[in-house]
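# Survey of secondary and tertiary structure
What follows is the residue order along each chain.
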2 protein chains.
Amino acid sequence: MTSLSISAIRPFIRKLEAFRTISDEERSDLEALPMQITEIRADQDLVREGDRPSRCCVLLRGFGHTYKMTEDGKRQITAFHVPGDMPDLQSLELQYLDCSIGTCSPSVVGFIPHEALREICRLRPQLAAVFWRTTLVDASIFREWMLNIGRREAYNRVAHVFCELLVRLNAVGLARNHSCEMPFTQIEFADATGISTVHVNRMIQDLRSAGLIVLRGGMLTAPDWAGLKAAGGFDPGYLHMERALAA
Amino acid sequence: MTSLSISAIRPFIRKLEAFRTISDEERSDLEALPMQITEIRADQDLVREGDRPSRCCVLLRGFGHTYKMTEDGKRQITAFHVPGDMPDLQSLELQYLDCSIGTCSPSVVGFIPHEALREICRLRPQLAAVFWRTTLVDASIFREWMLNIGRREAYNRVAHVFCELLVRLNAVGLARNHSCEMPFTQIEFADATGISTVHVNRMIQDLRSAGLIVLRGGMLTAPDWAGLKAAGGFDPGYLHMERALAA
DNA sequence: CGAGCTTTTGATCCGAGTCAATCTTCGTGG
DNA sequence: CCACGAAGATTGACTCGGATCAAAAGCTCG
């Protein structure tokens, strides 16, 4: 398992490097983290609202999402996760999990005990700062999503989500030529943008006929990146990727 | 100014204590932080999107908000701030400010140089963890707001915002008997909930005639707290205030 | 006491939701 | 290799929550 893990955690380290250089010592400490690596089917919850986890998960392959439900059963997706993300890093400091996290595609997930993460943070304050930074970037993305959901029209909302996913996947080496894997369903886009499935479908068709996206067979391509960015009102500043200036 | 600052930063320390006990040594280190304390009028920006601040601000008295604008000038408020909050603590780790922060009422704000905060974090890792924690709680609130904006009806959205403000103000000793100061305008509630000013006004009137709120003269009272919570679908878990279990 | 905000009210309109099929896709088992 | 079933994608018809527009009414403060 060890050899598997060292190669498997590559997306994790690449994600951290998008925000700050990782030194060789830090890298080897990261590679030495005890990590239980597991394959998980699509549409499985990793953790649920109300849990009090004793470990964090790292998405090593596949896609996921964080979501919350209203009392009457409506779902809001608050984040999409791509390889390298630590979707519940917050649980290291906050006992109570205020949201649920699940897979959207067949995935490989690594679980790291809280105590191991606390130890590496204690020994390498620089790494602790990088972890903090990733949660701050997550928060920045939340703010942008609030703007998206609260103040943009449906058409622009959907375009914005596609822009963000292209840039984030590009940053971890999973997009080329404005093209990437895109396994989320229209139901998931609907719950992420705060609109209905039917309407998402119509907006996607509008984006298609405007020549801004090609979306089929689980692949997304943006033949007119400038046009898609304009449609989404997308400015990547909120992703805080000075280092990995996206395509 | 020193004596002023020691009493003035009380709300700041009280806020941190809502999340974790602050030891005497930590408290005196906090009190020793170099802080430039300034009175600021209502509706002034403290920082603007695109800034690269070299200090953080602490709201010591008054109310504020964080907001973003779409390209076509629509505003989304992503957070309300109450005394004790550090609305741009993120700038300690993220160079680029992705949002603007301003006052909503006449306020007293303390400015702390980044270097001083970095120093106290280095010397007192426990305090660094508390700071991290406050940003994680902010992120949790963002997630709840996304749920609010994306998936609740206007009536429930407005009720939810009132619930949250009552609980947060209670936690810093600024609410009694489900009653607190409430200087935000209906325009601000509109931009926070993603609906129009006119509709906010109608929802407030509905909440009034349902006997759930009394809102006038800058004061909010919830005569039927259980009813208001139900209307907002409000569950305070996301505020992570195990310690200061709110009224 | 008047200017400039907010808050309120009324009338009208439209973006998006809901409902109900139908059509595709795709994995599964025969 | 194909039939079958389930899930997702699409389409059309109709409805509605909330936006927009326009005015009037209250407040606050210089």
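Residues numbered from 1 in each chain as written. Chains lettered and ligands numbered in written order. Predicted model: local features only at pLDDT ≥ 70, side-chain atom pairs only at ≥ 80, totals over all residues. Heavy atoms only, no water.

## Examining the pattern of salt bridges
- What the rule picks out here adds up to 29 salt bridges over all chains.
- A salt bridge links Glu144(A) to Arg152(A), with the shortest nitrogen-to-oxygen separation between them at 3.1 Å.
- Look at Glu144(A) and you get buried, because its relative accessible area is 5%.
- Since its relative accessible area comes to 4%, Arg152(A) is described here as buried.
- Residues Asp45(B) and Arg48(B) are paired through a salt bridge, measuring 2.8 Å at the closest nitrogen-oxygen approach.
- By relative accessible area, which is 29% here, Asp45(B) ends up partly exposed.
- A network of salt bridges, in which partner residues are shared, links Lys15(A), Asp85(A), Glu164(A) and Arg168(A). (Salt bridge = Lys/Arg side-chain N within 4 Å of Asp/Glu carboxyl O. Buried < 20%, exposed > 50% of the residue type's maximum accessible area, 1.4 Å probe, protein only.)

## Comments concerning the interface of chain B and chain A
- Taken together, the contacts link 47 residues of chain B with 47 residues of chain A.
- Taking both partners together, chain B and chain A bury about 4,400 Å²; carbon and sulfur atoms supply 63% of that area.
- It is Trp132(B), Arg143(B) and Arg151(B) in chain B that bury the most area against chain A; as a group they hold 20% of the surface buried on that side.
- At the boundary of chain B and chain A, one finds 11 salt bridges. (Contact = heavy atoms within 4.5 Å. Buried area = accessible area lost by both parts, 1.4 Å probe.)

## Brief notes about the domain arrangement of chain A
Residues and elements named next belong to chain A.
- When cut into domains, chain A gives domain 1 (2–137) and domain 2 (152–239).
- Computed over C-alpha atoms, the centres of domain 1 and domain 2 are 24 Å apart.
- Broken down residue by residue, the surface that domain 1 buries against domain 2 is led by Phe63, Arg75 and Phe80, which jointly contribute 43%.
- Remark: the boundary between domain 1 and domain 2 carries two salt bridges. (Domains from an automatic or database assignment.)

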